[in-house]
Amino acid sequence: MTMKQMVCASYWTPFWMLILPLCYCHLMPGDTFRPSVVSAENVRLDLTTANGYQWRTSLPNGSLVVEGQVPGGIYTDLERAGVLRSGPLLYRFNDGNYRWIAFNDWNYALDFDVDSNLVNQPGVFLVLHGVDTIAEISLNRLFLGETDNMFVRYRFNVRNLLKAQGNQLRVQFRSPVAVSRNRYEQQLMDYIVPPRCVPPEYQGECHANFIRKMQASFSWDWGPAFPSMGLWKAVSLEAYQSITLRDVYVETSLNGSDWQVDLLMHCETADIGVSHSGTWAIRIFDNEDVLLHELIDDSLVSGDQEREATVRFQLRIGADQIEPWMPNGYGNPTLYNLSVSYSENEQVAIAKNLLIGFRTVVLVEDDLQTGGRTFYLQVNDVPIFLKGSNWIPADVLPELVTPEYIRDLLTSCVDANMNSLRVWGGGIYELDEFYQTADELGILVWQDFMFACSMYPTTSWFLESVSIEVVQQVRRLQAHPSVVLWAGNNENEAALRGNWYGTLSDFNLYRQDYIKLYVDTIREIVRREDPSRPFVVSSPSNGKLSEEEGHIARDPYSELYGDVHYYNYYSNGWNSSSFPKPRMSTEYGFQALPSVHSWATVADPSNDDDWSFNGALLSNRQHHPLGNFEMELQVSSRFGLPKTNLSTRRGLEDMIYLTQMHQAQAIKTQTLHYRRHKYQLSENGAGLTMAALYWQLNDIWQAPSWASIEYGGRWKPLHYFAVDFFAPFLCILTELDDGTVAAFVHFDRRQDLVSGILTVSLRSWDLLDPLASFSSPVNQDMLAGEPVWIRSLNELLNETGCTRETCFITSAFFDTTTGQESIAPPNYLFLTSFPNVGNLQMASVEVVDVSKVYVTQRSEWTVNITLATDNVAAFVWIDSGTYCGTFSTNGFMFYDRFKTVKFYSKTEIVDIGNFKNNLNLIHLAQIIL
């Protein structure tokens, strides 16, 4: 695979990051040490590859030894060493070919020297910030302890073991597949903790619920099984005389005319039960480094038996000095620099800087007279409609994810007018860079705890491990203003009530386990560690009603309470009547195939079967049961199947186009349905919808999936559609149940509503000019949820001589204040599916001009592409070939004679001649006529 074959390939160069310390600690017994006369300055020495330390990894019998990377993992180590001979990890069938790696145990080893000054510090700890997953740790042939949780930081007292020269650090990993299987078999002596295994279509491994590891690494219906092992975050030596600062709790609240800032310093001490007297300096600066507040305080810090200590402070800053942090589209995500330092004997021992935002968040659940309760988030007293998607891990191997790639994905969210992401509970608690970037961009984060689609054991060892995990992760993430809600799990309430895994016969038993894990353990820890933001036990759930009904609601998918996940692959995905009207929709979606560019990175170019819709490779990559059948069903119903043979390369390419366009149109229809019902209540009390988070944002490999952004960063049509259907101000065209066609003006906030003229046009598929147009004024007097234009569809058709099979409807908005026509994206309404359209023509869509301009704000180069057409062209797709970037619009309806589209280059200076030669245009008629 060449670099140009992979979109934005630079994002996938391994980046061995120095990860900031996590919070809390998993402690081993240690001796008490009295301070010696050394510098008070704390020392952290990262034993990472980037810092020059040479790790080795091997099979336990020594038959295979290669260089290891830390941070890293066994799969990437073996690939780098040239051991894997079947090609790159994700190439063709290698997810199965390389499974032997996960079935073996592996050892990591480091021989190293350290400065004698570090050895002589009174507190010296070996800290493993992320161990994946089951391992025994030893230093200089002495056993330190075991690890059993990928999401926990482990700390070992090595003051008596560390030497200046000749240290031997050993990490002996056990196969996570074998450990999970053994734990499951042991549990059978009590009772089954389901599921017994993932569906066979997943081609994965079983019993991921018995190990605290990225659950999706055992496979999912959108991802492969790569159950890796390794040190996926930094390994470090931390030495200090008195204390170190691990995490800072930050809570901001409005108190009269002041912002109140409550701070809690989570410290660790070098010794047990010894007090340390020092000076804390706390300062808050604005983004121009102007000091807004300073607190100098002398405090006594005493460590307990686990070497933990806390110190509390409270600050007040005038509200007139602060710009609150607001999500994207509702204001500025303004951040302030919080500087914390601790000094002893006039020497700074600790210095820590955080970017914080001033914001409050409340989950509003008010009773409604029509029945049910509201369910929405309020940030700084402003109700927020959550517009966005669901985030899965950016790679099945976390060591391959770079800060640049995280930023690219999150920037793509903002480009698509999103304000929210839900971090799904089967992946990982994301890297620090994810939350830092979300803070900066104003993206709200709904944070699941890492439990998904399973029952889980509630043995003492499991609950103890989970408790440490929750404390550490809450403390690590709590200070981020972007994190606005904790959720205990993904779909486990619905799974238990819905008998997904045959638990109905022992419902009370599994219900008790559910409450013990999510309510008595996780919820109680979250309430203690972070009272500043809401917690829901599950998603979907009925919120308070689930709690009132014993934490397992009678109907977790009720439209009148909480949030829902809704999938239906057998109804008409382009008809809004197919969808519920919930308080929040936090998962919904349709599958599509990956692009030709993405598929080319994993398929053999000379193997015809690899390029067949019915081929073995695509079947191998389709992990969703009946997924290809469901895509074919939806495509045939909405478009008709392509005229080409699906077993040929051209047939596969045509199906790629059709599945992607179907996905985009279906998610658009469903999202606009949810946005319209923000302001509307149905007769049964459903509606007042306040979230549309489609499944899913990103891909974890090259395969059929629900994602809008492919593995590597290329946008699918769905993401281009999201730019429009998440626009802050837009027109929604819909056919109502009473036979009328209506246009609704939707706005996120009243100030997004602008004055102008909405034009609705009835158009024939075989003409560029509209048959009839109707104008309606829009102004600040418009009532939310009320149509701005409405007509009987039969009357419209009779007046124009149209039928459902020959015409469609469009809308355009002209802003009379600014004179701009693009203030709201254009929209359209189909009156039937394309197999029934009788007058669609073969349009000739051509590029008539390409020019470039230099733009510093958005990207290095912007290219203007002017298109012309002689007939209506549906779903026009522009492909930039090997050029990495995005278009201002794509997959659009083309019913004007000319249209200019912008291309924003991400990485390359564009050669216009070469760029024009790379362009490829395709539209629907070329596929189905």
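Refer to the structure above for everything that follows.
As for the overall build of the protein
Then comes step 1: A tally of helices and strands in the protein yields 19 helices and 44 strands.
Then comes step 2: Taken against the 2.2 N^0.38 rule, which gives 30 Å for 929 residues, the C-alpha radius of gyration of the protein at 29 Å falls within 12% of a compact globule.
Then comes step 3: For the protein, buried positions account for 64% of its 929 residues.
Then comes step 4: Across the protein, every contact between residues at least 6 apart in sequence was considered, and the portion connecting residues at least 24 apart equals 72%.
Then comes step 5: Here the protein has roughly 32800 Å² of accessible surface; of this, 47% comes from carbon and sulfur atoms.

As for the environment of Ser682
Then comes step 1: Among the secondary structure elements, Ser682 is positioned in the loop between α15 (649–676) and β30 (691–694).
Then comes step 2: For Ser682, a relative accessible area of 19% gives the class buried.
Then comes step 3: Considering only alpha carbons, one finds Ser682 and Thr370, 312 residues apart in sequence, at a separation of 9.3 Å.

Description of helix α5 (residues 176–187)
Residue pairs spaced three or four apart in an α-helix point in one direction, given the helix's 3.6 residues per turn.
Then comes step 1: Given a rise of 1.5 Å per residue, 12 residues ought to cover 16 Å, and the 16 Å separating the end C-alpha atoms of α5 matches this to within 8%.
Then comes step 2: Along α5, the positions that sit buried rather than exposed are Pro176, Val177, Val179, Ser180, Arg183, Tyr184 and Gln187. Down the axis of α5, the smallest arc covering the buried residues is 165 degrees, so these residues share one side.
Then comes step 3: Where α5 is buried, its residues touch α3 (100–103), β10 (218–220) and α8 (460–477).

With respect to the sheet that holds strand β17 (residues 308–318)
Then comes step 1: Read from one edge to the other, the open sheet built from 3 strands follows the order β13-β14-β17, with strand pairing classed as antiparallel. Either end of the sheet is taken by a strand with one partner, and the two such strands are β13 (243–255) and β17. This sheet shows a mean twist of 15 degrees between the axes of neighbouring strands, independent of strand direction.
Then comes step 2: Where strand β14 (residues 258–269) and β17 come together, 11 bridges link them in antiparallel fashion. Bridging across to β17, His266 finds its partner in Thr310.

Digging into the state of the cysteines
Then comes step 1: All chains considered together, the criterion is met by 2 disulfides.
Then comes step 2: A disulfide bridge connects Cys197 with Cys206, and the sulfur atoms are separated by 1.9 Å. Of note, the bridge from Cys197 to Cys206 carries an S-S torsion of about -75 degrees and is left-handed in sense.
Then comes step 3: The partner cysteine of Cys802 in its disulfide is Cys807, sulfur to sulfur 1.9 Å. The disulfide joining Cys802 to Cys807 has a torsion of about -65 degrees about its S-S bond and is therefore left-handed.
Then comes step 4: Note on Cys802: relative accessible area 7%, which makes it buried.

What about the side chain of His746?
Then comes step 1: Its location among the elements puts His746 in strand β32 (residues 740–747).
Then comes step 2: Residue His746 is classed as buried on the basis of its relative accessible area, which comes to 1%.
Then comes step 3: Looking at His746, its side chain comes within polar contact range of the main-chain oxygen of Arg675, at 3.1 Å.
Then comes step 4: Apart from the residues within four sequence positions on either side, His746 is in contact with Arg675, Arg676, Lys678, Tyr679, Pro728, Phe729, Leu730 and Ile732.

What about the sheet that holds strand β40 (residues 873–879)?
Then comes step 1: Spatially, the 3 strands line up as an open sheet ordered β42-β40-β44, and their pairing is antiparallel. This sheet does not close on itself; its edge strands, each paired only once, are β42 (892–894) and β44 (920–922). With direction set aside, neighbouring strand axes in the sheet form an average angle of 40 degrees.
Then comes step 2: Here β40 pairs with β42 via 2 bridges, running antiparallel. The residue of β42 that forms the bridge with Ala873 is Phe894.
Then comes step 3: Contacts from α15 reach β40 and β44 within the one sheet, and its direction differs from that of β40 by about 115 degrees.

Considering the packing of helix α6 (residues 403–415) against helix α7 (residues 432–441)
Then comes step 1: Interaxial distance between α6 and α7 falls to 10 Å at its minimum, and their mutual angle equals 35 degrees. Viewed along their axes, α6 and α7 form a crossing whose handedness is right-handed. Seen from α6, the contacting residues are Pro403, Ile406, Arg407, Leu410, Thr411 and Val414; seen from α7, they are Glu433, Phe434, Thr437, Ala438, Glu440 and Leu441.
Then comes step 2: Per-class residue counts for the contact of α6 with α7 are 7 nonpolar, 2 polar and 3 charged.

Things to note about the pattern of salt bridges
Then comes step 1: As enumerated under the stated definition, the model contains 35 salt bridges in all.
Then comes step 2: Here Arg246 ties to Glu268 by a salt bridge, and the two come within 2.7 Å at their closest N and O atoms. Here Arg246 is found in strand β13, whereas its partner Glu268 is found in strand β14, with 22 residues between them in sequence.
Then comes step 3: Overall, Arg246 belongs to the buried group, its relative accessible area being 2%.
Then comes step 4: For Glu268, a relative accessible area of 2% corresponds to the buried category.
Then comes step 5: Notably, a salt bridge pairs Arg422 with Asp448, separated by 2.9 Å at the nearest N-O pair. Of the two residues, Arg422 is situated in strand β24 (residues 420–423) and Asp448 in strand β25 (residues 444–448); the sequence distance between them amounts to 26 residues.
Then comes step 6: Connected via shared salt-bridge partners are Arg153, Arg155, Glu238, Arg246 and Glu268.

Overview of the packing of aromatic side chains
Then comes step 1: One pass over the full model with this rule turns up 59 aromatic pairs.
Then comes step 2: Centroid distance Phe125 to Tyr240: 5.6 Å. Interplanar angle 25 degrees. Geometry classified as stacked. One end of the pair, Phe125, is in strand β5 (residues 123–128); the other, Tyr240, is in strand β12 (residues 235–240), and 115 residues separate them in sequence.
Then comes step 3: Ring geometry for Phe451 and Tyr456: centres 5.1 Å apart, planes at 85 degrees, overall edge-to-face. Here the two residues Phe451 and Tyr456 agree in accessibility, since each one is buried.
Then comes step 4: An aromatic cluster of at least three residues, connected via ring pairs, comprises Trp574, Phe639, Trp765, Phe808, Tyr828, Phe830, Phe834, Phe875 and Tyr895.
Then comes step 5: The residue whose ring lies beneath Arg155 is Phe125, and the NZ or CZ to ring-centre distance is 4.2 Å.
Then comes step 6: Against the face of Phe892 rests Lys899, its NZ or CZ located 5.1 Å from the ring centre.

With respect to the pairing of β5
Then comes step 1: Most of β5 sits out of view: 6 of its 6 residues are buried.
Then comes step 2: The two faces of β5 match: Gly123, Phe125 and Val127 on one face and Val124, Leu126 and Leu128 on the other face are all buried.
Then comes step 3: Bridging between β5 and β12 involves 6 bridges; their strand directions are antiparallel. Opposite Phe125, over in β12, you have Glu238 as the bridge partner.
Then comes step 4: The pairing of β5 with strand β8 (residues 154–157) spans 4 bridges and is antiparallel. Bridge pairing in β8 places Leu128 opposite Tyr154.

Topic: the side chain of Thr659
Then comes step 1: Mapped onto the elements, Thr659 comes out in helix α15.
Then comes step 2: Contact partners of Thr659, with chain neighbours within four places excluded, come to Gln591, Ala592, Leu593, Met631 and Val635.

A look at the packing of helix α14 (residues 627–638) against α15
Between two packed helices, both the angle of their axes relative to each other and the distance between the axes serve to describe the pair.
Then comes step 1: Relative to each other, α14 and α15 sit at 80 degrees, their axes nearing to 10 Å. As the angle between them shows, α14 and α15 are arranged roughly perpendicular. Mapping the contact onto sequence places Met631, Glu632, Gln634, Val635 and Arg638 in α14 and Met655, Leu658, Thr659 and His662 in α15.

Structural notes on the nonpolar core
Then comes step 1: The biggest cluster of nonpolar side chains holds 232 residues, and the ones touching the most others in it are Leu126, Phe834 and Phe875.
Then comes step 2: The element best represented in this core is α15, accounting for 11 residues.

Regarding the pairing of strand β34 (residues 772–778)
Then comes step 1: Where burial is concerned, the two faces of β34 differ: the one with Ala772, Phe774, Ser776 and Val778 is buried and the one with Ser773, Ser775 and Pro777 is not.
Then comes step 2: Where strand β33 (residues 756–764) lies against β34, 7 bridges are found, and the strand directions are antiparallel. Residue pairing across strands places Thr759 opposite Ser775, the latter belonging to β34.

What about the environment of Val872?
Then comes step 1: Tracing the backbone shows Val872 in the loop between β39 (861–868) and β40.
Then comes step 2: Given the relative accessible area of 1%, Val872 is considered buried.
Then comes step 3: Sequence spacing of Val872 and Met893 is 21 residues, and the spatial spacing of their C-alpha atoms is 7.7 Å.
Then comes step 4: When sequence neighbours within four positions are dropped, the list of residues in contact with Val872 reads Ser764, Trp765, Leu767, Leu768, Phe808, Leu840, Gln841, Ala843, Phe894 and Tyr895.

Criteria and cut-off values
- Residues numbered from 1 in each chain as written.
- Predicted model: local features only at pLDDT ≥ 70, side-chain atom pairs only at ≥ 80, totals over all residues.
- Heavy atoms only, no water.
- Helix = DSSP H or I, 4+ residues; strand = E, 2+ residues; numbered from the N terminus.
- Rg over C-alpha atoms; globule rule 2.2 N^0.38 Å.
- Buried < 20%, exposed > 50% of the residue type's maximum accessible area, 1.4 Å probe, protein only.
- Contact = heavy atoms within 4.5 Å.
- Areas by Shrake-Rupley, 256 points an atom, 1.4 Å probe, with all protein chains shown as cover.
- Expected span 1.5 Å × (residues − 1).
- Arc of directions from axis to C-beta.
- Pairing = 2+ DSSP bridges.
- Axes fitted to C-alpha atoms, helices over the stretch in contact; angles between N-to-C directions.
- Disulfide = S-S within 2.5 Å.
- Polar contact = N/O pair within 3.5 Å; in protein donor to acceptor, adjacent residues only side chain to side chain.
- Left-handed = near helix turned anticlockwise from the far one by under 90°.
- Nonpolar A, V, L, I, M, F, W, Y, C, P; charged D, E, K, R; others polar.
- Salt bridge = Lys/Arg side-chain N within 4 Å of Asp/Glu carboxyl O.
- Phe/Tyr/Trp six-rings, centres within 6.5 Å; stacked < 30°, edge-to-face > 60°.
- Lys NZ or Arg CZ within 6 Å of the ring centre and 35° of its normal.
- Parallel < 35°, antiparallel > 145°, perpendicular 65-115°, else oblique.
- Core = buried A, V, L, I, M, F, W, Y, C linked by side-chain atoms within 4.5 Å.

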